[in-house]
2 protein chains.
Amino acid sequence: MVVDLNRFGREVTSASDSRPVGRSMTISAVAAAARVSKTTVSHVISGNRPVSAATRKRVQRVMDELDFRPNYFAQSLNSRRSHSVALLAQDITNPFYPALARGLQTTLAKAGQVVMLFDAGAGSKFTRTFVDEVIQRRLDGVVVAVSQVDEEIARLNGAGIAVVAVGFGVSDQPIDWVSADDVQIGRDAVRELRSRGHGRIATITGPQDSEPGRSRLAGFRSACDELGLPSGSELVESGNWTRDSGAVALRRLLQRPERPTAVFCANDLMAIGALHAALEMELDVPAKLAIVGVDDIDAASLVRPALSTLRVPAEEIGKAAGELLLTRGHEGLDGPRRHVLVQHAFISRQSA
Amino acid sequence: MVVDLNRFGREVTSASDSRPVGRSMTISAVAAAARVSKTTVSHVISGNRPVSAATRKRVQRVMDELDFRPNYFAQSLNSRRSHSVALLAQDITNPFYPALARGLQTTLAKAGQVVMLFDAGAGSKFTRTFVDEVIQRRLDGVVVAVSQVDEEIARLNGAGIAVVAVGFGVSDQPIDWVSADDVQIGRDAVRELRSRGHGRIATITGPQDSEPGRSRLAGFRSACDELGLPSGSELVESGNWTRDSGAVALRRLLQRPERPTAVFCANDLMAIGALHAALEMELDVPAKLAIVGVDDIDAASLVRPALSTLRVPAEEIGKAAGELLLTRGHEGLDGPRRHVLVQHAFISRQSA
């Protein structure tokens, strides 16, 4: 099922249940209809204080009749939880993540929520520390924009904290997620390069333990197969999303007997690293080597030749993640799992 | 008094007292010498639990004799405070701040501290929300990298939270701070441009409610005066640190009857905005207009012509802020106020 969510993406739900969200009865209305105090209604919702079985049943029946779903965040405030959301970012020095954080904050500020940004790039063991923090502080929600965190996400879920994943889905857990269509991004990059006459296209991939890393490579291979182009291991090098790793990977690719005429880099930082390595080797870009990145960070338009890239709208992803957290807030953790797919677009500049 | 602190800066203290920091006796040693348990020593330090007057006196005498100063952060953990530090950044989409955050986290991670990054750019009223958060969560320390926050800093101080300011001092409060020599940065920019033959130099300033904004302009004017160059209001435009504001300011400067041949921009983002505005107007940079920025963000070396700039080491500033927080942790909030001055350097590229 596909539902238009907003201007920047479409929503895909895995369940058939997709009740409209955001309708909210007030606790006062429930209290009046059930002839109890607002405090009693709050206690029924939160479960924090004992309420007699008869009263509980009456309140719950009224909530059902009125189609009342408690506001998760408001409830949090009442039960002395926080009004804060944490974003764990892979690497805050990659401009993609500050832009994502800005979008998230734009959406959540309207709901009176504060965003705290944590930098996973500081250390590989940081995710565990982060999850400890979030649970200890009883934050309302978490946006996870790093790879390989299934176990830690399970801990967050266990603690009743809403989680939105960016870039990947978590198959066996009720996690909302936002992503670009990473397979299609890989395919589109190859097609754009093919349409410019390239027949030998290499790729510099992201880490293969990350979903975007794997999917962009899968898309690259699938389009190469379809178009009858080679895509064997001699045309594939892996990086770790940084500029340096892009430069190193390009030099390796160019040491091989048969050189590619174009390279698809799985993000812009690696593409910029590759671009500078090519220029250092006095290779004319794009005449001798075309380069395409992914993301469209600020720097993509600043380098010369300016980088052609597949734009992934970071700020919109942040906004979508915020919307998912708010929706989850209205629905509670048991509602249907949601996936927002943001649209990418090829931005043609000078490097390809 | 000036003390070499480390490779990246020098420390200036406003008081004559500058005991070496970081010497730490253990609580065990105090407990053994005072013939009490470690728990009792902790209670004396924290004041959280009653200890008999006689025991308290004995423990305090031993602490004095051993020159024992409790570790502020360890103490925090014991007294159920946090092991987290917050950084409030002016604008996280300006790459200066993520680099600063990375440096801060590098230093504090060694002390078992986690850094949370907050984006003030999200809204002008955000500082108050931020301070509420910090106090409510009883964070151990705060690094403030925004301007105009004297009142809010007073609230943090009142709550017993260590504060380090970046970029400015707070005259009437015991706040440690890290900054570059912003006046000298303005002076050096003018001197570099003068040495390249420019006699009519304009400036695009930062907001004048920020200390670096004011000081860089003051340095610009002082060097112009010294060298007999004009520096009147027709040569001064103000921006708000963003690219767009730099572009707007440059167009204004160039509409005036007598055009400058060079412009000193108070940060790199404004300089990059000015550079692109100049190129749009088909003005040859640097032949017709030389441009100099401040910061040396990543993008400075990516634009073409590459930006000449006064480098302010953001990551080192973050590290220095972390050291100051840790020192404050050892000394408590009443110790002498410290100021770390980081070194800047002119980086000559193509734009000037």
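These numbers were taken from a predicted model, which means no experiment stands behind them.

## Structural notes on the confidence of the model for chain A
All names here are of chain A.
Then step 1. Per-residue pLDDT for chain A has a mean of 85; in total, 86% of the residues score no lower than 70.
Then step 2. Ignoring residues within four places in sequence, the model shows residues 71-80, a span with pLDDT below 50, making 26 contacts including any to other chains.
Then step 3. Scoring of the predicted complex yields 0.78 for pTM and 0.76 for ipTM.

## Here we look at the pairing of strand S11 (residues 290-295) of chain B
Residue and element names in this part refer to chain B.
Then step 1. With six of its six residues buried, S11 lies for the most part within the structure.
Then step 2. Side-chain alternation along S11 places Ala290, Val292 and Val294 on one buried face and Ile291, Gly293 and Asp295 on a second face that is also buried.
Then step 3. Where strand S10 (residues 262-265) lies against S11, three bridges are found, and the strand directions are parallel. In the sheet register, Phe264 faces S11, and the bridge partner there is Val292.
Then step 4. In this region the chain leaves S10, passes through helix H11 (residues 268-280) and returns to the parallel neighbour S11; the handedness of that crossover is right-handed.
Then step 5. Relative to strand S12 (residues 308-311), S11 runs parallel, the two sharing four bridges. Following the sheet pairing, Val294 is matched in S12 by Leu310.

## A look at helix H9 (residues 211-226) of chain A
All names here are of chain A.
Then step 1. Look at H9: 22 Å from first C-alpha to last across 16 residues, which is about the 22 Å you get at 1.5 Å a residue.
Then step 2. Taken together, the buried residues of H9 touch helix H8 (182-195), strand S8 (201-205), strand S9 (236-238), strand S10 (262-265) and strand S11 (290-295).
Then step 3. Sitting at the head of H9, Ser210 places a side-chain oxygen 3.0 Å from the backbone nitrogen of Gly213.

## Details of unusual backbone geometry
Residue and element names in this part refer to chain A.
Then step 1. A cis amide bond links Val285 to the next residue, Pro286, at an omega of 10 degrees.
Then step 2. Take Pro286: it is sitting in the loop between helix H11 (268-280) and S11.
Then step 3. A cis geometry characterises the amide bond from Arg304 onward to Pro305, with omega recorded as -10 degrees.
Then step 4. Inspection of the secondary structure puts Pro305 in the loop between S11 and strand S12 (308-311).
Then step 5. One non-glycine residue, Asp295, lies in the positive phi region at around 130 degrees.
Then step 6. Tracing the backbone through its elements, the reader meets Asp295 in strand S11.
Then step 7. Residue class for Asp295 comes out buried when judged on its relative accessible area of 8%.

## Digging into the sheet that holds S11 of chain A
Residue and element names in this part refer to chain A.
Then step 1. The six strands lie next to each other as S9-S8-S10-S11-S12-S14, forming an open sheet whose pairing is mixed. The two strands at the open ends of the sheet, each matched to only one other strand, are S9 and strand S14 (345-347). On average, adjacent strands in this sheet sit at an angle of 20 degrees to one another, irrespective of strand direction.
Then step 2. Relative to S9, S8 is paired through three bridges, and the arrangement is parallel. Each bridged residue has a counterpart across the sheet, and for Thr205 the counterpart in S9 is Ser238.
Then step 3. Along the sheet, H9 makes contact with S8, S9, S10 and S11, crossing S8 at roughly 170 degrees.

## Remarks on the sheet that holds strand S9 (residues 236-238) of chain B
Residues and elements named next belong to chain B.
Then step 1. The sheet built from six strands is open, its strands ordered S9-S8-S10-S11-S12-S14 with mixed pairing. Where the open sheet ends on each side, the last strands, each with one partner, are S9 and strand S14 (345-347). Taking the axes of each pair of neighbouring strands and ignoring which way they run, one obtains an average angle of 20 degrees across the sheet.
Then step 2. Contacting strand S8 (201-205), S10, S11, S12 and S14, helix H8 (residues 182-195) runs over the sheet at an angle of about 160 degrees to S10.
Then step 3. Sitting on the sheet, helix H10 (residues 243-254) is in contact with S8, S9 and S10, with an inclination near 145 degrees to S8.

## Let's talk about the pairing of strand S6 (residues 162-166) of chain B
Residues and elements named next belong to chain B.
Then step 1. Burial within S6 is extensive, with five of its five residues counted as buried.
Then step 2. Across the two faces of S6 the burial is the same, with Ala162, Val164 and Val166 and Val163 and Ala165 all buried.
Then step 3. Pairing of strand S5 (residues 141-145) with S6 involves four bridges; the strand directions are parallel. Across the sheet, the residue bridging to Val144 is Ala165, located in S6.

## Some details on the pattern of salt bridges
Residues and elements named next belong to chain B.
Then step 1. Counted under the stated rule, the structure contains 40 salt bridges over all chains.
Then step 2. Its salt-bridge partner being Arg128, residue Glu152 comes within 3.3 Å of it at the nearest N-O pair. Taken together, the residues span a long stretch of sequence, with Glu152 in helix H7 (residues 150-158) and Arg128 in helix H6 (residues 126-136) at a distance of 24 residues.
Then step 3. On the basis of relative accessibility, which here comes to 10%, the residue Glu152 falls in the buried class.

## A word on the interface of chain A and chain B
Then step 1. Between chain A and chain B, the contact holds 32 residues from the first and 32 residues from the second.
Then step 2. In total, about 2,700 Å² of surface goes out of reach between chain A and chain B, with carbon and sulfur atoms giving 57% of it.
Then step 3. The largest share of the area that chain A buries against chain B comes from Arg102, Arg137 and Leu302 of chain A, three residues that together contribute 24% of it.
Then step 4. Scanning the region where chain A abuts chain B turns up six salt bridges.
Then step 5. Between Arg243 of chain B and Asp298 of chain A there is a salt bridge, and its shortest N-O distance comes to 2.7 Å.

## Digging into the relation of the copies chain A and chain B
Then step 1. Aligned on chain B, chain A shows an RMSD of 0.4 Å; the corresponding rotation is 180 degrees and the shift along the axis is 0.1 Å. Seen this way, the second copy is the image of the first under a two-fold rotation axis. Residue Leu117 of chain A of chain A places its C-alpha closer to the rotation axis than any other residue of that unit, at 2.3 Å.

## Structural notes on the packing of H6 of chain B against H7 of chain B
Residues and elements named next belong to chain B.
Then step 1. Relative orientation of the contacting elements H6 and H7 amounts to 5 degrees, with a least axis distance of 10 Å. Compared by their axis directions, H6 and H7 come out roughly parallel. For the pair formed by H6 and H7, the contact residues are Thr127, Arg128, Val131, Asp132, Val134 and Ile135 on the first element and Glu151, Glu152, Arg155 and Leu156 on the second.

## A closer look at empty space enclosed by the protein
Then step 1. For the structure shown, the criterion picks out four cavities of 30 Å³ or more.
Then step 2. As a volume, the largest cavity reaches approximately 330 Å³.
Then step 3. Sorting the residues of the lining of the largest cavity by element identifies helix H5 (96-109), strand S7 (176-180) and H9 of chain A as the ones contributing at least two each.
Then step 4. Class assignment for the residues of the lining of the largest cavity results in 12 nonpolar, seven polar and four charged.
Then step 5. Counted as a void, the second largest cavity has a volume near 50 Å³.
Then step 6. Lining of the second largest cavity is provided by Ile92, Leu117, Phe118 and Asp119 of chain A together with Ala101, Arg102, Gln105, Val115 and Leu117 of chain B.
Then step 7. At the level of elements, strand S4 (114-119) of chain A together with helix H5 (96-109) and strand S4 (114-119) of chain B are the ones that each hand at least two residues to the lining of the second largest cavity.

Reading guide: rules and limits
Residues numbered from 1 in each chain as written. Chains lettered and ligands numbered in written order. Predicted model: local features only at pLDDT ≥ 70, side-chain atom pairs only at ≥ 80, totals over all residues. Heavy atoms only, no water. pLDDT = per-residue confidence, 0-100. Contact = heavy atoms within 4.5 Å. Buried < 20%, exposed > 50% of the residue type's maximum accessible area, 1.4 Å probe, protein only. Helix = DSSP H or I, 4+ residues; strand = E, 2+ residues; numbered from the N terminus. Pairing = 2+ DSSP bridges. Right-handed = clockwise from strand over helix to strand, strands pointing away. Expected span 1.5 Å × (residues − 1). Polar contact = N/O pair within 3.5 Å; in protein donor to acceptor, adjacent residues only side chain to side chain. Axes fitted to C-alpha atoms, helices over the stretch in contact; angles between N-to-C directions. Salt bridge = Lys/Arg side-chain N within 4 Å of Asp/Glu carboxyl O. Buried area = accessible area lost by both parts, 1.4 Å probe. Least-squares fit on C-alpha atoms with pLDDT ≥ 70 in both. Parallel < 35°, antiparallel > 145°, perpendicular 65-115°, else oblique. 1 Å grid on protein atoms, 1.4 Å probe; cavity = no way out; pocket = protein on both sides within 12 Å on 5 of 7 lines; lining within 4 Å. Points joined across faces, edges and corners; volume = space filled by probe spheres on them. Nonpolar A, V, L, I, M, F, W, Y, C, P; charged D, E, K, R; others polar.

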